[in-house]
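# Examining the three-dimensional arrangement
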Amino acid sequence: MRPGIGPPVVHSRGVSSIRVRGGTRVDGEVAVRGAKNAVLKHMVASLLAPGRHVLTNVPRLLDVSIMGELLHHVGASCSYEDATLTVDVPERPLPEAPLELVRRMRASILVMGTLLARCGEARVALPGGDDFGSRPIDMHLDGLEAMGAEFELRHGVLEARAPHGLHGTEIFLEFPSVGATENLLLAAVLADGRTVIGNAAREPELADLAALLNDMGAKINGGGTSTIEVIGVPQLAPADHRVIPDRLEAGTYLVAAAVTGGTVRTAGCVPDHLRMELRKLQAAGCVVITGEDWIELTGPDRPGSVDFATLPYPGFHTDMHPQMVAMLSVAAGTSIMTENVYAARFRYVGELNRMGADIHTDGQHVIVRGVPELSGCEVDGCDIRAAAALVLAGLRAEGETVVTNAAHVDRGYERFVENLVGLGADVDRD
Ligand code: EPU
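All values reported here derive from a predicted model rather than from experimental measurement. (Residues numbered from 1 in each chain as written. Predicted model: local features only at pLDDT ≥ 70, side-chain atom pairs only at ≥ 80, totals over all residues. Heavy atoms only, no water.)

## Points about the site of the ligand
The ligand sits among 22 residues. The nearest are Lys41, Asp138, Ser177, Val341 and Tyr342. Between Lys41 and the ligand, the recorded distance is 2.7 Å, taken from a side-chain N or O atom to an oxygen atom. With respect to the ligand, the backbone of Met139 contributes an N or O atom lying 2.7 Å from an oxygen atom. Taking 830 Å² as the accessible area of the ligand by itself, protein coverage stands at 86%. Only α1 (36–46), α5 (138–146), α6 (178–188) and α12 (384–396) provide two or more residues apiece to the shell around the ligand. Along the lines of polarity and charge, the residues of the shell around the ligand split into 10 nonpolar, six polar and six charged. Split by domain, the residues of the shell around the ligand number at least three in each of domain 1 (17–33 + 245–429) and domain 2 (36–232). (Near = heavy atom within 4 Å. Polar contact = N/O pair within 3.5 Å; in protein donor to acceptor, adjacent residues only side chain to side chain. Areas by Shrake-Rupley, 256 points an atom, 1.4 Å probe, with all protein chains shown as cover. Helix = DSSP H or I, 4+ residues; strand = E, 2+ residues; numbered from the N terminus. Nonpolar A, V, L, I, M, F, W, Y, C, P; charged D, E, K, R; others polar. Domains from an automatic or database assignment.)

Structure below.
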């Protein structure tokens, strides 16, 4: 697919590496792009209404390309130019998400609720486990079942039908799962009657999805709160929508300043979306000032230790934990981090230890004994945030760090290496 006529084309550079020569402070300003974890859902939401949808502030990311392929598979066409994604949705999408796409991006599972609502049926390959543990989708399926869907697993594919259509009901989630809340919300907007999702995820990306759906004609109250009420409507219409800024992208560049003792300003972000993360960075000795849509952080010569626990929003984001642990690996003192969202998200710990960090895991706890210095070596960037965290650790390490499997960063960060170079880091890419 050529740039400009399809979704943003970002090819996976599977074997590529990022080389970091440590010892340089990062200083300067980075413009934050639209949030990956919002735009992927907005693209799925477009399937709820035939016609032309326009999303702006869309980042050029591998995951956005993959979602574009999925939309193409179901019969929609996308075009991308200057951070604007136009999606043309047909009257009747093909209700199917194949394994090849679901495997490359778990968020593909979100088409289940949408396609069921629009087509009365859906065939979606089961995503299976990944590096963060088994990552079940039981809450997605239980909720959709309560709304009238029936499921059968055949040859690795979940075949879903709603023979009498979807109907509203009250659902109380066991855990405020982001994906389950979104899948149910996407299904509920076209369901018959009133749906209430209790113990819903409160992430800003979810509030943004609810805002988009309301612009499309949905009747949603409480998007972004723990109780979402939806009154189903018979049909929706396309809408234009600007994607909210990516708090994880902003947070990652701020930690780059924290770990190197530099000063970075992230422009075009929402400081409130990073409240807990900024509080913990301040506790580690960083100086943080914020404006309406920017954050400036100055790191100390050496960070202090700080304990923290990941929790659903507004708690400390699990997707910021590897970056924070990378910073704490060189802190003065011992920090304890508790991961409460994923069963297993610690593969990067062994890689940091290869660089000379002193980190132990004990169940869901990570004990980080700060060392004065890391030493560069080859490490495996096993997922988006791990790869970013290892690059940040490399900024503080003596000598050269080579982060392999660096294509993972393309899934979540646009121009990651270029932005770091713009901040003065000595980084390049093979
Ligand atoms: N869970 C269940 N059953 C379910 C659904 C979830 O047990 O039916 C569990 C998961 O196994 C996990 C926890 O609940 O342990 C949280 O999962 P959640 O559903 O909240 O996460 P998600 O929707 O699969 C999104 C982001 C992740 C982010 C999490 C948590 C997208 C595309 N992905 O995943 O982002 O870590 O929320 O905030 O929005 C990333 O961007 O690097 C990333 C992994």
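## Here we look at the pattern of salt bridges
All told, the structure shown has 28 salt bridges when counted by the stated rule. Overlapping salt bridges bring together Arg19, Arg21, Glu400, Asp426, Asp428 and Asp430 as one network. (Salt bridge = Lys/Arg side-chain N within 4 Å of Asp/Glu carboxyl O.)

## Brief notes about the sheet that holds strand β11 (residues 194–198)
Strand order across the open sheet formed by four strands is β10-β11-β13-β12, with mixed pairing between neighbours. Because the sheet does not close on itself, it has two edges, and the strands there are β10 (170–172) and β12 (219–221). Strand-to-strand, the axes of this sheet are offset by a mean angle of 15°, without reference to chain direction. Where β11 meets strand β13 (residues 227–231), five bridges bridge the pair, whose relative direction is antiparallel. Across the sheet, the residue bridging to Thr195 is Val230, located in β13. (Pairing = 2+ DSSP bridges. Axes fitted to C-alpha atoms, helices over the stretch in contact; angles between N-to-C directions.)

## Details of helix α11 (residues 347–354)
Listed as buried for α11 are Tyr348, Val349, Glu351 and Leu352. Along α11, the residues classed as buried sweep out an arc of 160° about the axis, all on the same side. Those residues of α11 that are buried lie in contact with α10 (321–328), β20 (358–362), β21 (365–369), β22 (378–380) and α12. Just downstream of α11 lies Gly356, where phi reads positive at about 100°. (Buried < 20%, exposed > 50% of the residue type's maximum accessible area, 1.4 Å probe, protein only. Arc of directions from axis to C-beta. Contact = heavy atoms within 4.5 Å.)

## What to know about the packing of helix α8 (residues 247–260) against α12
With their axes 8 Å apart at the nearest point, α8 and α12 run at an angle of 20° to one another. When the axis of α8 is compared with that of α12, the two are roughly parallel. The handedness of the crossing between α8 and α12 is right-handed. Facing α8, whose interface residues are Leu248, Thr252, Val255, Ala256, Val259 and Thr260, α12 presents Arg385, Ala388, Leu392, Leu395 and Arg396. When the residues that make up the contact of α8 with α12 are grouped by side-chain class, the tally is seven nonpolar, two polar and two charged. (Parallel < 35°, antiparallel > 145°, perpendicular 65-115°, else oblique. Left-handed = near helix turned anticlockwise from the far one by under 90°.)

## Details of the pairing of β21
Taken residue by residue, a regular strand's side chains alternate between the two faces of the sheet. The pairing of strand β19 (residues 334–338) with β21 spans five bridges and is antiparallel. By the bridge assignment for β21, Ser335 is matched with Val368. Inspection of the sheet shows β20 paired to β21 by five bridges, in the antiparallel sense. The residue of β21 that forms the bridge with Asp358 is Arg369.

## So, the confidence of the model for the protein chain
Overall, the predicted model of the protein chain reaches an average pLDDT of 94, with 95% of residues at or above 70. Between residues 1–5, whose pLDDT stays under 50, and residues either more than four places distant or in other chains, the model counts nine contacts. (pLDDT = per-residue confidence, 0-100.)

## Comments concerning the pairing of strand β1 (residues 18–21)
Only one face of β1 is covered, namely the one carrying Ile18 and Val20; the face carrying Arg19 and Arg21 has none of its residues buried. Here β1 pairs with strand β24 (residues 426–429) via four bridges, running antiparallel. Across the sheet, residue Val20 finds its bridge partner in β24, namely Val427. In this sheet, strand β23 (residues 400–404) lies alongside β1 in antiparallel orientation, the contact comprising four bridges. Across the sheet, Arg21 pairs through a bridge with Glu400, a residue of β23.

## Points about the packing of aromatic side chains
Two descriptors summarise a pair of aromatic rings, namely the distance from one centre to the other and the angle between the planes of the rings. As enumerated under the stated definition, the model contains three aromatic pairs in all. The interplanar angle of 35° and the centroid separation of 5.8 Å between the aromatic rings of Tyr253 and Phe416 together place this pair among those described as tilted. You can see Tyr253 sitting in helix α8 and its partner Phe416 sitting in helix α14 (residues 416–422), a full 163 residues away along the chain. Here the two residues Tyr253 and Phe416 agree in accessibility, since each one is buried. Residues Tyr413 and Phe416 carry aromatic rings whose centres are separated by 4.9 Å and whose planes lie at 45° to one another, so their mutual orientation is tilted. The exposure class of Tyr413 is buried, given its relative accessible area of 1%. Here the aromatic cluster, defined as three or more aromatic residues joined through ring pairs, consists of Tyr253, Tyr413 and Phe416. The aromatic ring of Trp294 is capped on one face by Arg265, whose charged end is 3.7 Å from the ring centroid. (Phe/Tyr/Trp six-rings, centres within 6.5 Å; stacked < 30°, edge-to-face > 60°. Lys NZ or Arg CZ within 6 Å of the ring centre and 35° of its normal.)

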